[in-house]
Amino acid sequence: MDITSVTSYRFAHTREDLALNPGERILAGGTWLMSEPQPDVTGFVDITRMDWPDLEVHPGGLRIAATCTIRRFVDFSRDAIDTHEPTWPALAAVTDAAHALLMSFKVWNTATVGGNVCQSFTAAAMVSLLAALDAEAIVWTPDGGERHQPVASFVTGQMTNTLAFGEVLRAIEIPASALTATVSFHKMALAELGRSGVVVVGRRDIDDAVTVAVTASTLTPHVFVYDAFPDPALLAADVRSPADFFTDALGDADWRREITVVLAERVRRDLEESR
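Sequence order as written defines the numbering, with residues in each chain counted from 1. In keeping with the model being predicted, local features are shown solely for residues with a pLDDT of at least 70 and side-chain atom pairs are shown and tallied solely at 80 or more, while totals for entire chains, interfaces and linings include all residues. Working from all heavy atoms in the structure, the side-chain values ignore hydrogens and water.

**A few points about the pattern of salt bridges**
By salt bridge we mean one thing: a side-chain nitrogen of Lys or Arg within 4 Å of a carboxyl oxygen of Asp or Glu. Enumeration according to the criterion identifies 16 salt bridges in this entry. When the shortest N-O distance is used, the salt bridge between Arg257 and Asp254 registers 2.9 Å. Placement of the pair is Arg257 and Asp254 together in helix α8 (residues 253-273), with a separation of 3 residues, close to one helical turn. On the accessibility criterion, Arg257 (22% relative accessible area) is partly exposed. Overall, the relative accessible area of 54% leaves Asp254 in the exposed class. For the salt bridge of Arg268 with Glu265, the shortest nitrogen-to-oxygen distance reads 2.8 Å. Of this pair, Arg268 and Glu265 both sit in helix α8, 3 residues apart, roughly one helical turn. One exposure class covers both Arg268 and Glu265, and it is buried. When salt bridges with common partners are traced through the structure, they connect Glu265, Arg268, Arg269 and Glu272 into a single cluster. Runs of E in the DSSP output that reach at least two residues are strands. Runs of H or I that reach at least four are helices, and both are numbered from the N terminus. Residue burial is assigned from relative accessible area. The probe radius is 1.4 Å, only protein chains are included, and a residue is buried under 20% of its type maximum, exposed over 50%, and partly exposed in between.

In structure tokens, the structure reads:
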């Protein structure tokens, strides 16, 4: 789509280039930005030439650049399971998350992990996965500093997050402790290829602690943590408890709430059977 309000387009090569003028917007893949009019946007600052490494493995876990494409993340996860990091079974869920996105697999080549997080849709599948894996967003601030925030609290509502004007998502870090976990990913949509109406992601750590993340059915991510396998009734009560189940064209709040309970139980059974 032609964004007729845009009168400038520039590439950022250094951190200083990320200083935004009024009306400018950070762009990486741009698959959503270019999909509809952006009347308040007068310029794009393209960060794809910042030369950030897509993925960095370090002793503490995995760092994913905000500019890393979905395709690159999927390919890395598949290769890692087979060769580089066979002790990180949680990466098996990356492909499931990518398939949960409402986009052609061809769009994976352009759409970025950071863009999916920053767009902050309730059904953002990268948010679903990263919230369940205790991932942290690393945000560059305009004063030259940076702040770290859990992805689960970074998203504050439908298409809203904690980014202030001039802040830039630099990367997302997943701790090694979460990558060694077993993960179960379940989604439900009213249409077979439609946007997710409910997503529940669970993980079982090596000490049998269990984490369950609820997204898409609620306006914000909700993460429930248990020291051991939760009783089915306790899990059902917890995932039913959020106050921000919502209604839109993709499903009623009551439907979302009850399907969340159903998917949470499927996740719990998957994790229990994987022991």
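**Some thoughts on the pairing of strand β12 (residues 198-204)**
For β12, the tally of buried residues reaches 7 of 7 residues, placing the bulk of the element in the interior. Burial of the side chains of β12 extends over both faces: Val198, Val200, Gly202 and Arg204 are buried on one face and Val199, Val201 and Arg203 on the other. At least two bridges found by DSSP between two strands are what make those strands a pair. Of the pairings in the sheet, the one linking strand β11 (residues 182-188) to β12 comprises 7 bridges and is antiparallel in character. Opposite Thr182, over in β12, you have Arg204 as the bridge partner. Sheet topology places β12 next to strand β13 (residues 210-215); 6 bridges connect them, and they run antiparallel. Opposite Val199, over in β13, you have Thr215 as the bridge partner. Between the antiparallel neighbours β12 and β13 lie 5 residues, among them Asp208 with a positive phi of about 70°.

**Description of unusual backbone geometry**
Even without being glycine, Met159 reaches a positive phi, approximately 65°. With respect to the element layout, Met159 can be found in the loop between β8 (155-157) and β9 (160-161). Taking relative accessible area as the criterion, Met159 reaches 36% and is therefore assigned partly exposed. Its identity is not glycine, yet Ala216 carries a phi of approximately 75°, on the positive side. Mapped onto the secondary structure, Ala216 falls in the loop between β13 and β14 (222-226).

**Thoughts on the sheet that holds β14**
Across a sheet, strands are paired by hydrogen bonds formed along the backbone, either parallel or antiparallel in direction. Ordered in space as β11-β12-β13-β14, the 4 strands form an open sheet in which the pairing is antiparallel. Of all strands in the sheet, those with a lone pairing partner are β11 and β14, marking the two edges. Here the strands of the sheet are splayed against their neighbours by 10° on average, with no regard to which way each runs. The contact criterion used throughout is that any non-hydrogen atoms of two residues lie within 4.5 Å. Angles here are taken between N-to-C directions and fall from 0 to 180 degrees, while the axes themselves are lines fitted to C-alpha atoms, restricted in helices to the stretch in contact. Helix α7 (residues 232-240) contacts β13 and β14 of the sheet and is inclined by roughly 155° relative to β14.

**Side note on the layout of surface pockets**
Where empty space is left becomes clear once a probe the size of a water molecule has been rolled over the atoms. If you add up the space inside the largest pocket, you get close to 1200 Å³. In terms of lining residues, the largest pocket is bounded by 46 residues, among which Arg25, Trp32, Gly115, Cys118 and Gln119 are the most central. The dominant element in the lining of the largest pocket, judged by the number of residues it contributes, is helix α3 (residues 113-119), at 5 residues. Any residue outside Ala, Val, Leu, Ile, Met, Phe, Trp, Tyr, Cys, Pro, Asp, Glu, Lys and Arg is labelled polar, Gly included; the first ten of those are nonpolar and the last four are charged. Broken down by class, the residue content of the lining of the largest pocket amounts to 26 nonpolar, 14 polar and 6 charged. Grid spacing is 1 Å over the protein atoms alone, the probe is 1.4 Å, and a cavity is where that probe fits but cannot get out, while a pocket is an open set with protein on both sides within 12 Å along at least five of seven lines and lining residues have an atom within 4 Å of a point. Grid points are joined across faces, edges and corners, and a volume is the space filled by probe spheres set on the points. Of the volumes computed, that of the second largest pocket is approximately 160 Å³. Lining the second largest pocket we find Arg15, Glu16, Leu18, Ala19, Leu20, Trp140, Thr141, Pro142, Asp143, Gly144, Gly166 and Val168. Considered class by class, the residues forming the lining of the second largest pocket number 6 nonpolar, 3 polar and 3 charged.

Function-wise, these values are silent; they only describe arrangement.
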